[in-house]
Amino acid sequence: MKAKLDVVLTATIDHCFKEGLLLRQTLPKYVIEIPNNPDHGHFATNLALVLAKSQKKPPREIANIILNNLIDNQNLIASAEIAGPGFINVMIKSQQWYNILSEIIRLKKQFGRTELGKGQKIVVEFVSANPTGPLHLGHGRGAALGDTLCRILSNCGYDVTREFYINDAGQQIRILGESIYSTFKQINNPDYPFPQNGYHADYIYELAQTVSQMADLDNLPAEESINLCAQKGKELMLNDIKKDLERFRVKFHTWSSEKDIHNNGLLEKTLEALEKKELIYKSDGALWIKTANYGDDKDRVLRKKDGQFTYFASDIAYHLEKRKRGFTGAINLWGADHHGYVPRIQSVLASHGIPENWLSVMLIQLVKLWKGSCEFKMSKRSGHFVTLLELIEEVGIDAARFVFLTKSHDSGLDFDIDMVKKQDSTNPVYYVQYAHARICSIFRKAALEGILMEDNPDNFLGNLVLDEELALIRALAGFPSLLDDICLNLEPHRLTYYLTSVASMFHKYFNLGAKVQEHRIINKDIQLTLARLFLIDGIRTVLSSGLDLLGISAPQKM
RNA sequence: GCGCCUGUAGCUCAGCUGGAUAGAGCGCCGGGCUUCGAACCCGUAGGCCGCAGGUUCGAAUCCUGCCAGGCGCGCCA
């Protein structure tokens, strides 16, 4: 609808240029927005305000010229007026809104699908937890945000690949092996030394139990046992991670392994290519890459003096490989503690002529845990953390996802454990789900009363004349463009606010019937009843689609 | 010291990318079920949008400088 109105405005301005009513110029940026205050119309535009300077006329005068020359071929506009300093407030004809509701009812869950990303192939890398321990709350936030973003991108026509990058090549896997092995040895020998920086936690003990049943750790050479513990521990951990993610309704298409990059020669090939581009050099016995020329603070080491590759080296290979796989765009969801790596990796991409906007990095600020007024410090090494699994067992998947998804990713998140535990019926997710269940219940009631739904809504919708009804239709109409906005700005959290607001409008509307018989959805006037049933059917469709995109269930009863 | 993020109601957070009277949930106080689901609705109280300048018709939003908090600045992973 906004787009249709924009057509009207540009046609009008064009007309004014031709007639010499306005000086010909390129249009400055203006907005068409939905005003907070319903008195300001369905849409408001600042077009006249932004034109004032270059036209050298007062904004209200320009607004007047525009309104006197409106080219409204599609017959959208019911009325339009000038307000305040020069806003143009526009009311759209009710019939236009009925048409949209009719479309929602016809399209059902297809409504809201858009083609914004048509032809674009993007890879979204998220979670990417080290397989050295179970997923904790921070991973949960990344998982919920990444998964929902992927769902919305797919909905909007993007071809999305969900990817988990496994850091399975470094020192931390070695430490995992040592921790498991030492824990095993300590069962019979409490004095057996434990590695410095080792992981102290219950899950290590469980891994030690499992691995010791798979192999005779006591009679193998220590080194061999440690390798085995590392290998098996990693596999078991990764399995757990996959299981937890699936439980959390998060799926991946590809699991990309850092170790593979080392083993399959990709790293060497990448180095050769960098060499050809004269991007690397040797210094102090180490191998360096010139990132400083492309926006980084300084050059970085690829291979250390001791011959080991840095984490950054495989990261470069990984990202350049992603580019080669033909993606038109890439999105990484990283913990905010990795923000220092953004200019680093961007500079490597820049050195290959890859534009900066090819890779978007969403930095997810840390989740801080509180217990009452005390901060609950999490650490894998100390074994002191709250796992994702514990959270979903405590509050349920729907509630957990909703909490993560109501926060913007770049704002830190304080999570009070005690609050979360009691967030059963006070969690806002139930508010949205309740609206859906309530609508389903009304349809059950209607069926009991023998009301038969008609196929074609168009003969009935004209009965919807209450402000609340028209406001609801307008809110539903904004669903597709909201989803597009979310894709363009990478802001999945906005969907939760939208759904909460639609649910709120519905609950208010429903409650009108408590006081006034005629305002009930099922009432004595069958024509009106059918119209209202069509309306709430449309609401149900949008709520259900929206909840799907959040990975949250839309219950028929609760 | 440098860089990124944050600072909005008692608490947790939104604020549609510069718009008109700044919002929600929770919490507090009060009201509403003999008929469509009270997991709901209605009302009251609660704000120097961290502070100070600047940009303009117009600033929570953009710019500069401070203040406070978080996180990073390795030939660690």
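Residues numbered from 1 in each chain as written. Chains lettered and ligands numbered in written order. Predicted model: local features only at pLDDT ≥ 70, side-chain atom pairs only at ≥ 80, totals over all residues. Heavy atoms only, no water.

Caption draft 1: Just the protein's contact with RNA strand B, in detail. As a matter of local geometry, RNA strand B sits amid 65 residues, with Gln-172, His-339, Tyr-341, Asp-414 and Tyr-431 nearest to it. Each atom of RNA strand B within 4 Å of the protein belongs either to a base or to sugar and phosphate, the latter forming 59%. Asp-410 has a polar backbone atom sitting 2.5 Å from a sugar or linking oxygen of RNA strand B. Within the backbone of Met-558, an N or O atom sits 3.3 Å from a base nitrogen of RNA strand B. Of all the elements in the fold, those that place two or more residues in the surface near RNA strand B are strand S4 (87–92), helix H6 (171–188), strand S9 (286–289), strand S15 (413–416), helix H16 (429–448), helix H18 (479–489) and helix H19 (494–515). (Near = heavy atom within 4 Å. Polar contact = N/O pair within 3.5 Å; in protein donor to acceptor, adjacent residues only side chain to side chain. Helix = DSSP H or I, 4+ residues; strand = E, 2+ residues; numbered from the N terminus.)

Caption draft 2: Just the environment of Ala-446, in detail. Its place among the elements puts Ala-446 in helix H16. A sequence separation of 76 residues divides Ala-446 from Ile-522, and the C-alpha atoms of the two residues are 7.1 Å apart. Setting aside its immediate chain neighbours within four residues, Ala-446 contacts Ile-451, Ile-522 and Leu-533. (Contact = heavy atoms within 4.5 Å.)

Caption draft 3: Focus on the environment of Ala-80. Here Ala-80 shows up in strand S3 (residues 77–83). Expressed as a C-alpha distance, the spacing of Ala-80 and Trp-370, which sit 290 residues apart in the sequence, is 52 Å. If we ignore the near neighbours within four places in the chain, the residues touching Ala-80 are Leu-67, Asn-89 and Val-90.

Caption draft 4: Geometry of the nonpolar core. Core analysis: the largest hydrophobic core is formed by 126 residues, its most contacted members being Phe-248, Phe-415, Leu-495, Ile-536 and Ile-539. The greatest single-element share of this core, amounting to 12 residues, is contributed by helix H20 (residues 526–550). Each residue touching Leu-495, except ones within four places of it in the same chain, is listed here: Ile-152, Phe-479, Leu-482, Leu-483, Ile-486, Gly-546, Leu-549 and Leu-550. Counting 29 residues, the second-largest nonpolar core is a separate cluster that includes Ile-289, Tyr-318, Ile-345 and Ile-354. (Core = buried A, V, L, I, M, F, W, Y, C linked by side-chain atoms within 4.5 Å. Buried < 20%, exposed > 50% of the residue type's maximum accessible area, 1.4 Å probe, protein only.)

Caption draft 5: Fine view of the packing of helix H13 (residues 388–395) against helix H14 (residues 397–405). Relative to each other, H13 and H14 sit at 115 degrees, their axes nearing to 7 Å. The angle between the axes of H13 and H14 places the two elements in the roughly perpendicular class. On the side of H13, the interface is formed by Leu-391, Ile-392 and Val-395, while H14 contributes Ile-397, Ala-399, Ala-400 and Phe-404. Counted by class, the contact of H13 with H14 contains 7 nonpolar, no polar and no charged residues. (Axes fitted to C-alpha atoms, helices over the stretch in contact; angles between N-to-C directions. Parallel < 35°, antiparallel > 145°, perpendicular 65-115°, else oblique. Nonpolar A, V, L, I, M, F, W, Y, C, P; charged D, E, K, R; others polar.)

Caption draft 6: Representation of the pairing of S9 in the model. Bridging between strand S8 (residues 280–283) and S9 involves 4 bridges; their strand directions are antiparallel. Counterpart to Ile-280 in the pairing with S9 is Ile-289. Counting the residues that bridge the hairpin from S8 to S9 gives 2 residues, and of these Asp-284 lies at a positive phi of roughly 55 degrees. Bridge count for S9 against strand S10 (residues 300–303) is 3 bridges, and the pairing is antiparallel. Following the sheet pairing, Trp-288 is matched in S10 by Val-301. (Pairing = 2+ DSSP bridges.)

Caption draft 7: Seen up close, the state of the cysteines. Evaluation of the coordinates by the stated rule reveals 0 disulfides. With no disulfide partner, Cys-487 has as its closest neighbouring cysteine sulfur the one in Cys-156, 3.6 Å distant. (Disulfide = S-S within 2.5 Å.)

Caption draft 8: Fine view of the sheet that holds S9. Across the sheet, 3 strands lie side by side as S8-S9-S10; this open sheet has antiparallel pairing. Every interior strand has two partners, whereas the edge strands, S8 and S10, have only one. Geometrically, the sheet is characterised by an average inter-axis angle of 45 degrees between neighbouring strands, direction not taken into account.

Caption draft 9: Structural detail: the packing of aromatic side chains. Counted under the stated rule, the structure contains 13 aromatic pairs. Plain terms: the ring middles of Phe-164 and Phe-252 are 5.4 Å apart, the flat faces sit at 85 degrees to each other, and that makes the pair edge-to-face. One end of the pair, Phe-164, is in strand S6 (residues 159–166); the other, Phe-252, is in the loop between helix H8 (222–247) and strand S7 (254–257), and 88 residues separate them in sequence. Relative accessible area serves as the criterion here: at 0%, Phe-164 is assigned to the buried category. Taken together, a centroid distance of 5.6 Å and an interplanar angle of 50 degrees make the contact between Phe-404 and Phe-415 tilted. Of the two residues, Phe-404 is situated in helix H14 and Phe-415 in strand S15; the sequence distance between them amounts to 11 residues. Of the residues examined, Phe-415 reaches a relative accessible area of 4% and is grouped as buried. Lying across the ring of Phe-248, Arg-401 places its NZ or CZ 5.6 Å from the centre. (Phe/Tyr/Trp six-rings, centres within 6.5 Å; stacked < 30°, edge-to-face > 60°. Lys NZ or Arg CZ within 6 Å of the ring centre and 35° of its normal.)

Caption draft 10: Local environment of helix H17 (residues 467–477). Turning to H17, its buried residues number three or more, namely Glu-469, Leu-470, Leu-472, Ile-473, Ala-475, Leu-476 and Ala-477. The inward-facing, buried residues of H17 contact helix H4 (94–107), H18, H19 and H20.

Caption draft 11: Representation of a negative patch on the surface in the model. A grouping of Glu-268, Glu-272, Glu-275 and Glu-278 is seen on the molecular surface, where their side chains present a negatively charged patch. When you line up the elements, Glu-278 lands in the loop between helix H10 (266–276) and S8. (Patch = residues over 30% accessible without salt bridge, like charges linked within 9 Å, V, L, I, M, F, W, Y side chains within 5 Å. Areas by Shrake-Rupley, 256 points an atom, 1.4 Å probe, with all protein chains shown as cover. Salt bridge = Lys/Arg side-chain N within 4 Å of Asp/Glu carboxyl O. Lys, Arg positive; Asp, Glu negative; His and termini not counted. Charge placed at Lys NZ, Arg CZ, Asp CG, Glu CD.)

Caption draft 12: Up close: H18. Among the residues making up H18, those that are buried are Phe-479, Pro-480, Leu-482, Leu-483, Asp-484, Ile-486 and Cys-487. On its buried face, H18 is in contact with helix H5 (137–155), H17, H19 and H20. Backbone geometry just after H18 places Leu-490 at a positive phi near 55 degrees.

Caption draft 13: Quick peek at the side chain of Asp-315. With respect to the helices and strands, Asp-315 occurs in helix H11 (residues 311–324). One buried charged side chain, Asp-315, makes no salt bridge at all; its nearest oppositely charged neighbour is Lys-322, positioned 7.8 Å away.

Caption draft 14: Focus on the sheet that holds S4. With antiparallel pairing, the 4 strands of this open sheet are ordered in space as S1-S2-S4-S3. On the outer flanks of this sheet lie strand S1 (32–33) and S3, each paired with one strand and no other. Bridge count between S1 and strand S2 (residues 43–45): 2 bridges; the pairing is antiparallel. Along S2, the bridge assignment pairs Ile-32 with Thr-45.

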